[in-house]
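Listed below, chain by chain, are the residues.
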Protein chains: 2
Amino acid sequence: MTRKSHSITIRDVARQADVSVATVSRYINRNAPVSPEVAERISKVMAELNYVPHAAARHLATRKTRSIGLLLTTINYDFFTPLLSGLERVVAENNHNLLVATYRADLRKDYPPPVGPHNTDGVVVFADALQEEQLAQWYRMNFPMVLVHRTPPPYLNIPYVTIENKAASRKIVDHLIEVHGRRRIIFTRGLENHEDSHWRELGYKASLEAHGIPYDPRLIIRGEFDREVTYQEMSAFLANNHPDFDAVFASDDDSALGVIRALNDAGIPVPESVSVVGFDDQHFSCILPLPLTTVRAPTEEVGRMAGSQILKILQGEAADPMTLLPTEIVIRQSCGCNESQS
Amino acid sequence: MTRKSHSITIRDVARQADVSVATVSRYINRNAPVSPEVAERISKVMAELNYVPHAAARHLATRKTRSIGLLLTTINYDFFTPLLSGLERVVAENNHNLLVATYRADLRKDYPPPVGPHNTDGVVVFADALQEEQLAQWYRMNFPMVLVHRTPPPYLNIPYVTIENKAASRKIVDHLIEVHGRRRIIFTRGLENHEDSHWRELGYKASLEAHGIPYDPRLIIRGEFDREVTYQEMSAFLANNHPDFDAVFASDDDSALGVIRALNDAGIPVPESVSVVGFDDQHFSCILPLPLTTVRAPTEEVGRMAGSQILKILQGEAADPMTLLPTEIVIRQSCGCNESQS
DNA sequence: TTGTACGCGTTATCAC
DNA sequence: GTGATAACGCGTACAA
């Protein structure tokens with residue numbers, strides 16, 4: 001260590017305020033009484049010097065980083081905006097920092113995740129950003145975690161927050177069937193290994209079954225929660241001679257846009273000939289000239305809840321093992337209804 | 001310090017591998033030769049112990065955090081998704097972490113920004129997240145910064161990356177005038193203190209002037225880059241007896257949606273009676289049933305460039321003082337054109 | 001109420 | 001090529 005640091009430290013403050021570093025520390029952390037006049041002196045010197053405690057040193061001494069990590073698979077979807085927004089707000093309100101990182105467990109098995117015990121006090125893990133093995137390891141060492149849009153494996157008691165997928169999916173498909181008389185309904189799958197997609201498909205099947213409609217695997221289309229992929233797949237479906245259909249349940253709103261575009265390309269009138277519904281109620285969904293009938297997912301609240309759960313754990317409280325946020329279907333016009341938009 | 005830490009340290013590795021901590025450190029950082037067999041031993045022990053170096057300790061010793069901060073005013077807009085995505089990618093590729101934080105300089109004058117020299121090696125500052133005074137202070141202490149969507153005050157030589165606003169705005173208004181014969185064009189302003197909005201307005205004015213159309217302040221509407229605000233303002237405008245108009249240049253696509261909705265509510269046909277154009281080419285803009293004529297802003301690249309600039313600085317290289325990314329107008333249908341959508 | 005001194009986990013500087 | 005060991009800046013027993 002040769003290079004004398006030129007940054008100002010607590011020692012500089014102490015010297016100028018003519019007290020010990022301990023006193024300055026106490027003043028900063030307000031964890032022990034400091035006489036008013038000394039406090040005044042310290043405060044003034046700190047302001048003069050623009051002193052800000054060095055985080056790393058603090059972390060090392062405290063063994064707390066005051067920051068929490070968010071582990072995502074990708075940042076490509078607008079879906080993440082409300083999630084991030086909600087999480088950041090809660091985290092910031094509690095004077096913590098937020099580290100945002102992407103990680104594809106399947107791609108980088110040899111590298112450790114970019115956020116973890118070494119640089120955060122806890123992490124929020126989205127969907128399948130982490131593999132079970134990694135979850136298990138952190139679980140064993142009691143590292144605080146909260147899962148979002150994913151349930152933990154049964155033997156790992158990790159708190160999670162997710163949304164109600166199945167019932168709402170079933171309801172929206174019910175609507176297609178009962179109100180609009182649709183019976184040949186396509187489902188565009190989301191990403192594999194993504195529970196949301198899985199549950200939505202189950203809701204879809206449940207509805208079909210309840211109405212005595214046979215499940216036809218030819219009506220299941222790949223979509224990956226991606227507008228472009230869904231557009232391609234839907235177009236391919238339409239191009240070949242395909243089974244009849246009269247509705248599409250897209251696994252999310254973004255895919256629904258891909259579906260609609262493919263349908264438009266093919267000259268199939270929506271919603272007259274084919275009803276289209278989605279999931280999420282994204283930012284754009286209500287404003288489309290053909291407003292989307294969809295399921296409202298409280299994504300921002302998922303972010304907030306994840307934040308408050310992880311903070312609870314950090315404060316030594318027990319987190320709720322499971323937070324299941326309600327969803328509701330919102331009927332607009334892409335299904336064929338003609339209600340006023342909301 | 002009472003609580004003996006149970007985390008495994010470099011010392012544990014050293015002991016088990018039967019070498020000194022210095023050697024382990026050398027192995028980890030590959031900054032000095034280590035005999036192959038020793039390397040092998042260390043490597044094995046590290047894997048067994050799941051050892052990950054403690055970031056804070058490293059930071060303290062190195063005086064480098066290996067993380068960069070992103071300072072935003074808010075995360076409410078989908079606009080940030082590509083920005084964040086681009087930035088995160090570059091940052092991660094260079095083995096750095098990304099701290100995302102919001103800060104409203106105007107609201108919390110007494111609190112220091114959540115990211116800064118104390119916990120990052122450098123920050124990317126969006127628009128007016130920071131006040132000049134703070135910029136100046138960090139500049140004086142040589143703290144690495146890159147501004148995005150903002151130019152630094154003239155006396156602060158801070159690198160910035162932003163997009164070409166004025167020329168594109170002028171071009172899109174030219175289009176309205178020259179191709180569609182519009183002459184009474186509304187501009188919905190973005191946020192105050194936001195340079196993008198400012199430059200877009202200048203482009204708007206330049207176009208008017210070039211065509212000999214008088215500037216009418218009554219045609220300037222508040223919008224704040226927000227769909228809802230713009231909707232309200234536009235509706236209010238329409239409700240009172242207002243001057244004639246035949247087109248709207250919205251300061252961003254999100255506002256354009258608010259405009260269109262207000263117009264729809266009022267029964268004014270778009271684009272027949274009124275052309276509407278936006279700015280940004282957001283994710284949803286091309287898929288609208290009335291695809292939006294707008295300006296394509298390379299927001300993801302702004303993120304990437306900001307990342308590479310700040311990393312350059314961290315590596316001791318000089319950053320480009322200014323990075324001005326080109327924009328291009330994309331003609332779709334909301335202006336009245338009937339081109340195929342892209 | 002205040003000060004002294006040690007430890008947090010790592011890097012880097014010496015010697016060897 | 002390797003091993004001791006002093007920093008890095010801060011928090012906190014413990015003593016006063």
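The structure we're discussing is the one just above.
Here's what I pulled together on the structure shown here. (Residues numbered from 1 in each chain as written. Chains lettered and ligands numbered in written order. Predicted model: local features only at pLDDT ≥ 70, side-chain atom pairs only at ≥ 80, totals over all residues. Heavy atoms only, no water.)

### Focus: the side chain of A:D252
All names here are of chain A.
Argument step 1. Checked against the element boundaries, D252 lands in the loop between β8 (247-250) and α10 (253-265).
Argument step 2. R200 is the oppositely charged side chain nearest to the buried, salt-bridge-free D252, at an N-O distance of 5.9 Å.
Argument step 3. At 2.4 Å, the side chain of D252 forms a polar contact with the side chain of S255.
Argument step 4. Setting aside its immediate chain neighbours within four residues, D252 contacts R200, F225, G278, F279, D280 and Q282. (Helix = DSSP H or I, 4+ residues; strand = E, 2+ residues; numbered from the N terminus. Buried < 20%, exposed > 50% of the residue type's maximum accessible area, 1.4 Å probe, protein only. Lys, Arg positive; Asp, Glu negative; His and termini not counted. Salt bridge = Lys/Arg side-chain N within 4 Å of Asp/Glu carboxyl O. Polar contact = N/O pair within 3.5 Å; in protein donor to acceptor, adjacent residues only side chain to side chain. Contact = heavy atoms within 4.5 Å.)

### Quick notes on the sheet that holds strand β8 (residues 247-250) of chain B
All names here are of chain B.
Argument step 1. Sheet architecture is open: 4 strands sit in the order β7-β6-β8-β9, paired in parallel fashion. Only two strands of the sheet have a single partner each, and these edge strands are β7 (220-222) and β9 (275-277). Sheet twist, expressed as the mean angle between neighbouring strand axes with direction ignored, is 20°.
Argument step 2. As judged from the 3 bridges shared by β8 and β9, these two strands associate in the parallel manner. Of the residues in β9, the one forming a bridge with A247 is S275.
Argument step 3. Helix α10 (residues 253-265) rests against β6 (185-189), β8 and β9 of the sheet, and its axis sits at about 160° to β9. (Pairing = 2+ DSSP bridges. Axes fitted to C-alpha atoms, helices over the stretch in contact; angles between N-to-C directions.)

### Comments concerning the relation of the copies chain B and chain A
Argument step 1. Once chain B is rotated about the relating axis by 180° and shifted along it by 0.1 Å, it coincides with chain A to within an RMSD of 0.1 Å. Such a turn and shift between the copies fits a two-fold axis.
Argument step 2. Mapped onto chain A, 100% of the interface residues of chain B again fall at the interface, so both copies present the same surface. (Least-squares fit on C-alpha atoms with pLDDT ≥ 70 in both.)

### Remarks on the pairing of strand β3 (residues 122-126) of chain B
Residue and element names in this part refer to chain B.
Argument step 1. By the criterion of burial, β3 is predominantly enclosed, with 5 of the 5 residues buried.
Argument step 2. Side-chain alternation along β3 places G122, V124 and F126 on one buried face and V123 and V125 on a second face that is also buried.
Argument step 3. As paired strands, strand β1 (residues 67-72) and β3 are joined by 4 bridges and run parallel to one another. Paired with L71 across the two strands is V125, which belongs to β3.
Argument step 4. When β3 meets strand β4 (residues 145-148), the two strands line up parallel, connected through 4 bridges. Each residue of the ladder has a partner; that of V123, found in β4, is M145.
Argument step 5. Of the crossover connections in this fold, the one passing from β3 over helix α6 (residues 132-140) to the parallel β4 is right-handed. (Right-handed = clockwise from strand over helix to strand, strands pointing away.)

### Describing the state of the cysteines
Residues and elements named next belong to chain A.
Argument step 1. The tally for this structure, following the rule as stated, stands at 0 disulfides over all chains.
Argument step 2. Of all cysteine sulfurs, the one in C335 lies closest to C286, which takes part in no disulfide; the gap is 15 Å.
Argument step 3. Judged by its relative accessible area of 19%, C286 falls in the buried class. (Disulfide = S-S within 2.5 Å.)

### A few points about the pattern of salt bridges
All names here are of chain A.
Argument step 1. The full count for this structure, using the stated rule, is 34 salt bridges over all chains.
Argument step 2. Linking D216 and R218 is a salt bridge whose minimum nitrogen-to-oxygen distance equals 2.9 Å.
Argument step 3. On the accessibility criterion, D216 (11% relative accessible area) is buried.
Argument step 4. In this structure, a network of salt bridges that share partners links the residues D281, R296, E328 and R332.

Functional significance is not addressed by these values, which are geometric in nature.
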